[in-house]
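Tertiary structure, described
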Amino acid sequence: MRLIYTHLVPLLVYGALLLSGCTSPLIPAPQLPPTSRAAVSDAALAEELRRDWEQLCRGVQDADERWEIISRYNARLLTLLRRLRYDVIQSGRPLPPGLELVHEGAPPGRRLEQMYDDIVPAADVRTDSLKEHYVVPGVGVPLVGVIPAAKIHHGDMVQHFQSRGTVSTLTAVLEFPRSAGARPRLRLIPRHTSELVRAGRRSYPLAGDFSAPIEIYWNLTDIKSGRYLGLLNPQKLRDTTGLTCMERYNPQKIPVILTHGLASSAATFNNLVNRLLADPTIRHNYQFWYFNYPTGIAWSITAAQHRQALQEVRQHFDPKHTNRHWDHMVLIGHSMGGLITRLNQTLPTQVNPADLPKGLARSTTLLPTLYNFRPLRAGQVVYMATPHRGAPIAGNVFVLGLMRLVHLPQTLAHEVYTIATLQEDNIIAHPGRVVKWFTSIGQLSPTSADIVALRMRPVLAVPTHSIIGDRGRKNSPRSSDGIVPYWSSHLPWGSESIVPADHSVQDIPEAAEDLKRILHTHLSRTRSKAHSH
């Protein structure tokens, strides 16, 4: 009964939403602020901002008075920015000529209009999909730069999702240089790389909002709405398979690769990443990448795409393999995503084409891809609610019925039938059984060929941690997260933590806190290695 509620009810609700056309707005529309220009002109507002800035430059010893000045400055700057956004988008007016615009960290020669279609005050964004809204108090107005798909520069980031675009996390600061004739300078500062801002000789915390960009980013993608379609008809979502990052590639950060599970999408990590980015050490040293895929296809096949995507991205950004951060990357897999991650950490059976049935090596490329590959080397691996020994629930009558609804892509089905025709062992006996075997649900059974093989393959010696849910019952080792029992999630190596969660362990604060600790430890370990060399 629980499984029906887990899978069927969300599917029906989602279908009802589609039919009713109930969707949230992608980006809030520009609106004029309550304080009209008739009440306070732009010139008067700028003069008030100048006085606030000069007070910040001089410095104020009293903390309450200092934050009062900062709050007043931020409120006035937000009013000005809302006016400018309304003018540019609604009226097509250019920015005032008396204002110098500086976009820090932007590629040389690229103008603001060549990068963004909109720059939204974070205060105007409703973070409905997130459980917390993380804001860092300080000087400046947090913004979300909206980059449409047509303006994504391939040299900056990789965008595999079929989406409307991506975002930048920014903070605006309006400076007033003291030199004669100097214009006010509006600085757009990338918030993921800066924590402080200087006013004269004084340094202040830089304001930041890390939740609003996440909200808009996932609204711009189409993958949230396709998680059930990706399970039942993977062919429809083959174009969503790939690796992507929300922000511009930063070679100074360690990549963290997040891989989701069954009947899900990369958006399942939105609360987890939101909580992790609230930690300044993590956001300054790690960059989060998402691997998305349609989940109806067997996870052993998706693992090959996972490997290829990572290899291609590193080749693109680090062709000479000189950036050690890639060697220290962190792989995080939830549920079936953990099986994909673990398979790519194993030393698999080497397939000799001469040992294959006659004609198999010539007729298909699937088997060598599945079983003959070089594992991905990482610095840390984290498994979240991963069924290393399979999930008994895969044999449930409802699940078996659901498996019959899965339509494999035609190209994959052709490969499957070829293997079935030529293979003669007891695991793969005839085409009908093979099609079931090559669905993700069929491969999650504890008796499936790949689950059995996975348990037998050696794993690379990499620091490993498992986060396992017990639904708050504190009854391990007899516990279960409702889908995967403890005996399947537990590994005989590495460390583990038990959290009071169901199968969606990635969505609770305790798991985020545990992962923060792991990432801090990993960072200290990599720094120690760097110093020793």
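Structure: see above.
In this report, the structure presented in the accompanying data block is examined. (Residues numbered from 1 in each chain as written. Predicted model: local features only at pLDDT ≥ 70, side-chain atom pairs only at ≥ 80, totals over all residues. Heavy atoms only, no water.)

Turning next to a nonpolar patch on the surface. A cluster of nonpolar side chains, namely Val-88, Ile-89, Leu-95 and Leu-101, defines an oily patch on the protein surface of about 270 Å² accessible area. As for its placement among the helices and strands, Val-88 is situated in helix α3 (residues 63-91). (Patch = residues over 30% accessible without salt bridge, like charges linked within 9 Å, V, L, I, M, F, W, Y side chains within 5 Å. Areas by Shrake-Rupley, 256 points an atom, 1.4 Å probe, with all protein chains shown as cover. Salt bridge = Lys/Arg side-chain N within 4 Å of Asp/Glu carboxyl O. Helix = DSSP H or I, 4+ residues; strand = E, 2+ residues; numbered from the N terminus.)

Let us look at the pattern of salt bridges. Counted under the stated rule, the structure contains 28 salt bridges. A salt bridge links Asp-124 to Arg-82; the shortest N-O distance between them is 2.5 Å. Of the two residues, Asp-124 sits in the loop between β2 (118-121) and β3 (135-136) while Arg-82 sits in helix α3, which places them 42 residues apart along the sequence. Relative accessible area serves as the criterion here: at 26%, Asp-124 is assigned to the partly exposed category. For Glu-104, the salt bridge is made with Arg-187, and the minimal N-O distance between the two is 2.4 Å. Linking Glu-104 in the loop between β1 (100-103) and α4 (112-115) with Arg-187 in strand β6 (residues 185-190), this pair joins segments that are 83 residues apart in sequence. (Buried < 20%, exposed > 50% of the residue type's maximum accessible area, 1.4 Å probe, protein only.)

A complete count under the given rule lists 10 aromatic pairs for this structure. Taking 5.9 Å as the distance between ring centres and 35° as the angle between the ring planes, the aromatic pair formed by Trp-53 and Tyr-73 counts as tilted. Of this pair, Trp-53 sits in helix α2 (residues 42-58) while Tyr-73 sits in helix α3; the two residues are 20 residues apart in sequence, bridging distant segments of the chain. Residue Trp-53 is classed as buried on the basis of its relative accessible area of 4%. In this structure an aromatic cluster arises from ring pairing among Tyr-249, Trp-289, Phe-317 and Trp-326. Across the ring face of Phe-373, the terminal group of Arg-307 is positioned such that the distance to the ring centre comes to 3.6 Å. (Phe/Tyr/Trp six-rings, centres within 6.5 Å; stacked < 30°, edge-to-face > 60°. Lys NZ or Arg CZ within 6 Å of the ring centre and 35° of its normal.)

Considering the arrangement of structural elements, one finds Ser-194 in the loop between β6 and β7 (196-199). Among the residues examined, Ser-194 registers a relative accessible area of 18% and is labelled buried.

Before going further, it helps to spend a moment on unusual backbone geometry. Following Ser-476, the chain continues into Pro-477 via a peptide bond in cis, with omega recorded as 10°. Relative to the helices and strands, Pro-477 resides in the loop between β15 (464-469) and α17 (486-489). You will see that His-321, though not glycine, has its phi angle at about 55°, which is positive. Relative to the helices and strands, His-321 resides in the loop between α9 (299-317) and β13 (330-334). Residue His-321 is classed as partly exposed on the basis of its relative accessible area of 38%. Backbone geometry at Arg-471 places phi at a positive 60°, although glycine is not the residue there.

Reading across from one edge, β10-β12-β11-β13-β14-β15-β16 is the order of the 7 strands in this open sheet, with mixed pairing throughout. In this open sheet, the two edge strands, each paired with only one partner strand, are β10 (242-245) and β16 (495-499). Pairs of neighbouring strands in the sheet enclose a mean axial angle of 20°, with direction left out of account. Across the sheet, α9 touches β10, β11 (254-259), β12 (286-292) and β13, and the angle it forms with β12 is around 140°. (Pairing = 2+ DSSP bridges. Axes fitted to C-alpha atoms, helices over the stretch in contact; angles between N-to-C directions. Contact = heavy atoms within 4.5 Å.)

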